[in-house]
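As a plain string of letters, each chain reads:
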Amino acid sequence: MVDSYRHKGMRLKLVETVREKGISDEKVLKAMQQVPRHVFMDSSFVEHAYEDKAFPIGSDQTISQPYTVAFQSELLQVEKGDKILEVGTGSGYQACVLAEMGAKVFSIERHRKLYLKAREILNKLNYYRVKIFYGDGFEGLPTFAPFDKMIITAAAPVIPKKLIDQLKVGGTLVIPLGESDTQVMKTIVKQSDGTLEGEEHGYFKFVPMLRKKAND
Ligand code: SAH
């Protein structure tokens, strides 16, 4: 697994770009400086790995744009030791950024091939704080609940009820919500009486959150 000075240099530039676009949480920026994004993509795409763009990773899915990863990570306000559920492992990159910030990450992916690929990469990189699962994110992971925080990295048609059940009181869910071309990024905080308090944070574009596992 090569992570050269050249890679680190490109990464530094990417982090500065993300900072200029408005991300100010130093913990997020530091984590993104650590995680070798090029390892999550095919090696022939190394230049693209350090552009601030989403990129295809197979099964019709994409690794999120670095700015979006930073934005969602910032909204989560990660504290060391937080137990975080991610829906949409994809490449595994976002999960590693959260792990680098000190979180214990449980991540679910519905595409078998992506799950297997991400598992291989995580093993190589030794991210022992990330556990990934092949399954349907709408179901969450009841065995490991409750979670301090949750992040959905696909466009959700609704706020999944089962996820809210698995979220601690006072916990935050970061969710791009909506079925049309763009989604509104929301933070949802679960109140002690079970109600939800939401805030909006602008518009983004995600691949759809789909029901049930896919065999490819
Ligand atoms: N976080 C990823 C971005 C992945 S894109 C990264 O850092 O690379 C969104 C991912 O969500 C896709 O891989 C897609 O297959 C997955 N997905 C969509 N609906 C899902 C569901 N119901 N459960 C689990 N994963 C889902």
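What counts and how
Residues numbered from 1 in each chain as written. Predicted model: local features only at pLDDT ≥ 70, side-chain atom pairs only at ≥ 80, totals over all residues. Heavy atoms only, no water. Phe/Tyr/Trp six-rings, centres within 6.5 Å; stacked < 30°, edge-to-face > 60°. Helix = DSSP H or I, 4+ residues; strand = E, 2+ residues; numbered from the N terminus. Buried < 20%, exposed > 50% of the residue type's maximum accessible area, 1.4 Å probe, protein only. Near = heavy atom within 4 Å. Polar contact = N/O pair within 3.5 Å; in protein donor to acceptor, adjacent residues only side chain to side chain. Areas by Shrake-Rupley, 256 points an atom, 1.4 Å probe, with all protein chains shown as cover. 1 Å grid on protein atoms, 1.4 Å probe; cavity = no way out; pocket = protein on both sides within 12 Å on 5 of 7 lines; lining within 4 Å. Sits in = over half its atoms within 2 Å of the grid points.

Caption draft 1: A look at the packing of aromatic side chains. Across all of its chains, the model carries ten aromatic pairs by this definition. Look at Tyr 67 and Phe 204: their rings are 6.5 Å apart centre to centre, the planes differ by 15°, and that puts the pair in the stacked class. Taken together, the residues Tyr 67 in helix α4 (residues 66-76) and Phe 204 in strand β9 (residues 196-204) connect sequence positions 137 residues apart. The two residues Tyr 67 and Phe 204 agree in class, both being buried. Taking 6.3 Å as the distance between ring centres and 15° as the angle between the ring planes, the aromatic pair formed by Phe 106 and Phe 133 counts as stacked.

Caption draft 2: Representation of the site of the ligand in the model. Taken together, 27 residues are adjacent to the ligand, and Gly 88, Ser 91, Glu 109, Gly 137 and Leu 210 come closest. Interatomic distance of 2.6 Å between a side-chain N/O atom of Glu 109 and an oxygen atom of the ligand. Thr 153 is positioned with one of its side-chain polar atoms (N or O) 3.2 Å from a nitrogen atom of the ligand. In isolation the ligand offers 580 Å² of accessible surface; the protein chains occlude 99% of this area. The cavity where the ligand resides is the largest pocket. For the shell around the ligand, the elements supplying multiple residues, two or more each, are β2 (61-63), β3 (83-87), α5 (93-100) and β4 (104-109).

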